Amino acid sequence: MRTLFSWLGHKRSQKPTYTEPMPHPESFVTFEQLGKHWHPFLPTFSYPGAYINEHHRFFAECPQKGALIDIGIKGFLLSADALKLYELAYFSRGDVLELGCYHGLSTHILAMAICDSGTQKKLVTNDLFPEAIDITGALLQKHHYDSFSSFRCGYAADVCRQLVGEKRHFECVFIDHSHTYEAVTAVCKVLGDIVTPGGMCLFHDYNNEWNADPNNHDYGVWQAVQENLPRELFNFYGSYGCTGLFRRKIVPTQ
Ligand SMILES: C[S@@+](CC[C@H](N)C(=O)[O-])C[C@H]1O[C@@H](n2cnc3c(N)ncnc32)[C@H](O)[C@@H]1O
């Protein structure tokens, strides 16, 4: 017979599952608005309460240095960026790809969410530099996230093409390697071949004022996405913190 305590235990252990994603078109950022306002985290998926679980809530309440979260891993994430990363990886029904791991801050969040979701999906992460991969690898190992994670060293666009050749597909891609127009464009051109229909692409530094500075040639994320992410395949789904979220259409349009 089910007692009140067993029922409560059952409710507590129930994990939220995938729901139809909700877009936030009102958070679209124009060129003139770049970096002037960061939109707060809003959920893309439905779950009871403001957060998926205590790990998710942590990224809303964790220590910060200036505007960036400070959890003892070098990196450059706003709280809203971290909350969106965790949410997307948690609810992803397929494998997760990260371009640009640096010291593993975002990789740690993605891996934690995958682990917490209790599903079998895999994480593939990339960096141009072997040192970044070594540092991130050690971090994942320390937290026992290495069993479902693997690394690809090289230029992000080359790695994407390699993955296409291997017929790998991803339902969630975090793009945070080089922020130049050229490097982001090269990735935008191949995303249609690796993101599954309904899958999500999160671009970091999409809403960054540096993108609007004509003298800053290191930043052109917003322009690269606007001009080169195929409109017939992807829809804008929202901006949270400095990120831009795009969803692959289920059926391409003309
Ligand atoms: C902004 S950092 C990534 C930060 C990390 N995602 C985080 O949130 O903690 C960018 C990383 O991308 C790497 N990178 C730069 N250009 C690249 C390229 N073309 N392909 C792959 N990685 C690249 C750099 O070595 C650096 O580690």
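Here is a short report on the structure shown in this document. For clarity, every value in this text was computed on a predicted model and none was experimentally measured. (Residues numbered from 1 in each chain as written. Predicted model: local features only at pLDDT ≥ 70, side-chain atom pairs only at ≥ 80, totals over all residues. Heavy atoms only, no water.)

### A few points about the overall build of the protein
In step 1: Helix and strand counts for the protein stand at 8 helices and 9 strands.
In step 2: Computed over the C-alpha atoms, the radius of gyration of the protein is 18 Å, within 12% of the 18 Å expected from 2.2 N^0.38 for a compact globule of 254 residues.
In step 3: Along the longest, intermediate and shortest principal axes, the C-alpha atoms of the protein span 70 × 40 × 40 Å.
In step 4: A fraction of 73% describes how many contacts in the protein between residues 6 or more apart in sequence connect residues 24 or more apart.
In step 5: As displayed, the protein offers around 12200 Å² of accessible surface, 57% of which is attributable to carbon and sulfur atoms.
In step 6: Both charge centroids of the protein, one from 22 positive and one from 27 negative side chains, sit 9 Å from each other. (Helix = DSSP H or I, 4+ residues; strand = E, 2+ residues; numbered from the N terminus. Rg over C-alpha atoms; globule rule 2.2 N^0.38 Å. Contact = heavy atoms within 4.5 Å. Areas by Shrake-Rupley, 256 points an atom, 1.4 Å probe, with all protein chains shown as cover. Lys, Arg positive; Asp, Glu negative; His and termini not counted. Charge placed at Lys NZ, Arg CZ, Asp CG, Glu CD.)

### Looking at the site of the ligand
In step 1: Taken together, 19 residues surround the ligand, and among them Gly100, Ser106, Asp127, Ala156 and Asp176 come closest.
In step 2: Backbone polar atom of Tyr102 to an oxygen atom of the ligand: 3.4 Å apart, as the coordinates give it.
In step 3: One nitrogen or oxygen atom from the main chain of Leu128 is found 3.2 Å from a nitrogen atom belonging to the ligand.
In step 4: Within the complex, 87% of the 600 Å² of free accessible area of the ligand lies under protein.
In step 5: Counting residues per element, the ones that place at least two in the shell around the ligand are α4 (105-117) and β4 (123-127).
In step 6: Per-class residue counts for the shell around the ligand are 9 nonpolar, 7 polar and 3 charged. (Near = heavy atom within 4 Å. Polar contact = N/O pair within 3.5 Å; in protein donor to acceptor, adjacent residues only side chain to side chain. Nonpolar A, V, L, I, M, F, W, Y, C, P; charged D, E, K, R; others polar.)

### Topic: the packing of helix α6 (residues 156-165) against helix α7 (residues 181-194)
In step 1: Following both chains from N to C, one finds α6 and α7 inclined at 20 degrees, their axes separated by 9 Å at the closest point. Considering their axes alone, α6 and α7 lie roughly parallel with respect to each other. Pair α6 / α7 crosses with left-handed handedness. Of α7, the residues touching α6 (which contributes Ala156, Ala157, Cys160, Arg161, Leu163 and Val164) are Ala186, Val187, Val190, Asp193 and Ile194.
In step 2: Within the contact of α6 with α7, the residues separate by chemical class into 9 nonpolar, no polar and 2 charged. (Axes fitted to C-alpha atoms, helices over the stretch in contact; angles between N-to-C directions. Parallel < 35°, antiparallel > 145°, perpendicular 65-115°, else oblique. Left-handed = near helix turned anticlockwise from the far one by under 90°.)

### A short note on the packing of aromatic side chains
In step 1: The final tally for this structure, using the stated rule, is 15 aromatic pairs.
In step 2: An aromatic cluster is present here, built from Tyr18, Phe45, Tyr47, Phe58, Phe59, Tyr86, Tyr90 and Phe91 joined pairwise through their rings.
In step 3: Taking the ring centre of Tyr240 as reference, the NZ or CZ of Lys84 above it sits at 4.1 Å.
In step 4: Sitting above the plane of the Tyr18 ring, Arg93 keeps its charged end 3.7 Å from the centroid. (Phe/Tyr/Trp six-rings, centres within 6.5 Å; stacked < 30°, edge-to-face > 60°. Lys NZ or Arg CZ within 6 Å of the ring centre and 35° of its normal.)

### Details of the nonpolar core
In step 1: Formed by 38 residues in total, the largest nonpolar core has its most connected members in Phe59, Ile69, Tyr86 and Ile109.
In step 2: Among the secondary structure elements, those contributing two or more residues to this core are α3 (79-91), α4, α5 (130-142), β6 (170-175), β7 (195-203) and β8 (234-240).
In step 3: At 9 residues, the largest contribution of residues to this core is made by α3.
In step 4: Setting aside its immediate chain neighbours within four residues, Tyr86 contacts Ile52, Asn53, His55, His56, Phe59, Ile109, Met112, Ala113 and Asp116.
In step 5: Within the second largest apolar cluster, 32 residues are counted, among which are Leu97, Val124, Val184 and Phe246. (Core = buried A, V, L, I, M, F, W, Y, C linked by side-chain atoms within 4.5 Å. Buried < 20%, exposed > 50% of the residue type's maximum accessible area, 1.4 Å probe, protein only.)

### A word on a nonpolar patch on the surface
In step 1: Residues Leu128, Phe129 and Tyr155 make up a contiguous nonpolar surface patch of about 340 Å² in total accessible area.
In step 2: Turning to its location among the elements, Phe129 is positioned in the loop between β4 and α5. (Patch = residues over 30% accessible without salt bridge, like charges linked within 9 Å, V, L, I, M, F, W, Y side chains within 5 Å. Salt bridge = Lys/Arg side-chain N within 4 Å of Asp/Glu carboxyl O.)

### Points about the pairing of β8
In step 1: Burial runs high along β8: 6 of the 7 residues are buried.
In step 2: Hairpin geometry of β8 and strand β9 (residues 243-248) is characterised by an intervening segment of 2 residues between the two adjacent antiparallel strands and by a positive phi of about 60 degrees at Gly241. (Pairing = 2+ DSSP bridges.)

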